[in-house]
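Each chain is listed here by its residues.
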Amino acid sequence: MSLFKRIFSKEKKETLDKGLEKSKTTFFSKLSKAVAGKAKVDDDVLDNLEEVLVSSDVGVETTLKVIDRIEARVAKDKYLGTTELNAILREEIAGLLAETNVGNETDFTIPEGKKPYVIMVVGVNGVGKTTTIGKLASQFKKAGKKVVLGAADTFRAAAIDQLQVWADRVDVPIVRQDMGSDPASVAFDTLTSAVSQNADVVIIDTAGRLHNKVNLMNELTKIKRVMQKVVADAPHEVLLVLDGSTGQNAFEQAKQFTLATEVTSLAVTKLDGTAKGGVVIGISDQFQIPVKYIGVGEGIEDLQVFNKIEFVDSFFK
Ligand SMILES: Nc1nc2c(ncn2[C@@H]2O[C@H](COP(=O)(O)OP(=O)(O)OP(=O)(O)O)[C@@H](O)[C@H]2O)c(=O)[nH]1
Ligand SMILES: [Mg+2]
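Cut-offs applied
- Residues numbered from 1 in each chain as written.
- Chains lettered and ligands numbered in written order.
- Predicted model: local features only at pLDDT ≥ 70, side-chain atom pairs only at ≥ 80, totals over all residues.
- Heavy atoms only, no water.
- Salt bridge = Lys/Arg side-chain N within 4 Å of Asp/Glu carboxyl O.
- Helix = DSSP H or I, 4+ residues; strand = E, 2+ residues; numbered from the N terminus.
- Buried < 20%, exposed > 50% of the residue type's maximum accessible area, 1.4 Å probe, protein only.
- Patch = residues over 30% accessible without salt bridge, like charges linked within 9 Å, V, L, I, M, F, W, Y side chains within 5 Å.
- Areas by Shrake-Rupley, 256 points an atom, 1.4 Å probe, with all protein chains shown as cover.
- Lys, Arg positive; Asp, Glu negative; His and termini not counted.
- Charge placed at Lys NZ, Arg CZ, Asp CG, Glu CD.
- Near = heavy atom within 4 Å.
- Polar contact = N/O pair within 3.5 Å; in protein donor to acceptor, adjacent residues only side chain to side chain.
- 1 Å grid on protein atoms, 1.4 Å probe; cavity = no way out; pocket = protein on both sides within 12 Å on 5 of 7 lines; lining within 4 Å.
- Sits in = over half its atoms within 2 Å of the grid points.
- Nonpolar A, V, L, I, M, F, W, Y, C, P; charged D, E, K, R; others polar.

Undergrad: Mind showing me how you'd approach the pattern of salt bridges here?
TA: One pass over the full model with this rule turns up 17 salt bridges. Where Asp57 meets Lys276, a salt bridge forms, and the shortest distance between an N and an O atom there is 3.5 Å. Linking Asp57 in the loop between helix H3 (43-55) and helix H4 (60-76) with Lys276 in the loop between strand S6 (265-269) and helix H11 (279-287), this pair joins segments that are 219 residues apart in sequence. Of the residues examined, Asp57 reaches a relative accessible area of 7% and is grouped as buried. On the basis of relative accessible area, Lys276 is assigned to the partly exposed category, the value being 29%.

As structure tokens, then:
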């Protein structure tokens, strides 16, 4: 590994550690209370552990899975000590994450034969879609890719302007129309423009209104269908953005969106400053959709490719 790479990943690791600090501290203080005064893992400890995991926003289903696995180990080793619990939890959680996130890491290259590579970004209002798009555009550009953004969230004028600000900041072209125009038409224009510019990556912003599920589903379906007139297999990726600080709400949103459209990857934002980092574990397990990116701040650099090992390490260090 080159020195530059090592320094870079060390910095990345530090941002991640800092971003997950609150989750980690809260988790461990709960965990130490759960095992206080106990030398071995017994039913009491398991009950307490269940509570710790649920209240850390890991989610009920995933918590039960983890508890089952630990119970199985206790059945084999009746004198399993509470001091080992930490290491065991870490192992089991890493195992769960590995099931959905294997081989998923991206280095911002484009799969063969998929040019332009079209990413449609979906999610409810305020979760961080536009910010994530700005951060992604920056990373793709750094990787030498030609990026075009499409402002298909035409619901609010401010949404278009906000994407424009990111486009200017990253210095990539943006395709936009007036507020209220047809999002599918914006997406169509964006892909047409990307093809004519021989661009590598297209990222489409969409509106996040979810109060009318049928509308949302129809709109996303229409955007997809219209994009396919330009690039037959678009979108190559449907990235659902979830606000990690909303805990159980993020689960609910993932449920709604996966019903409304085919989601292929997840970005979990705002993990900085929240104690709800456990959602990453539960969401990735429950929906069997890989978490591809995590947001750990508002800055352009505060988007990380999700690395399950680094994540578990940061959480359990
Ligand atoms: N702390 C923190 N803030 C974030 C992160 N990602 C986004 N934000 C902030 O969250 C707010 C909403 O982000 P947007 O990108 O506008 O969200 P959106 O999903 O596009 O929202 P709408 O366009 O209203 O649907 C902004 O203030 C962002 O700066 C993150 O990872 N950490
Ligand atoms: Mg937006």
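Read on for the rest.
Undergrad: Where do I start with a negative patch on the surface in this structure?
TA: Judged by side-chain charge, Asp43, Asp47, Glu51, Asp68 and Glu71 come together as a negatively charged surface patch. At the level of elements, H3 and H4 are the ones that each hand at least two residues to the negative patch. Ranked by the residues each element gives to the negative patch, the list is headed by H3, at three residues. Take Glu71: its relative accessible area is 38%, and that puts it in the partly exposed class.

Undergrad: Please explain the site of ligand 1 as it appears in this structure.
TA: Taken together, 19 residues lie near ligand 1, and Lys129, Thr130, Thr131, Asp272 and Glu298 sit nearest. In the environment of ligand 1, an oxygen atom lies 2.8 Å from a nitrogen or oxygen atom belonging to the side chain of Thr130. At 3.0 Å, a backbone N or O of Lys270 approaches an oxygen atom of ligand 1. About the coverage of ligand 1: the protein hides 81% of its 660 Å² of free accessible area. If you map ligand 1 onto the pockets, it falls in the second largest pocket. At four residues, the largest contribution of residues to the shell around ligand 1 is made by helix H6 (residues 129-142). The class makeup of the residues in the shell around ligand 1 is three nonpolar, nine polar and seven charged.

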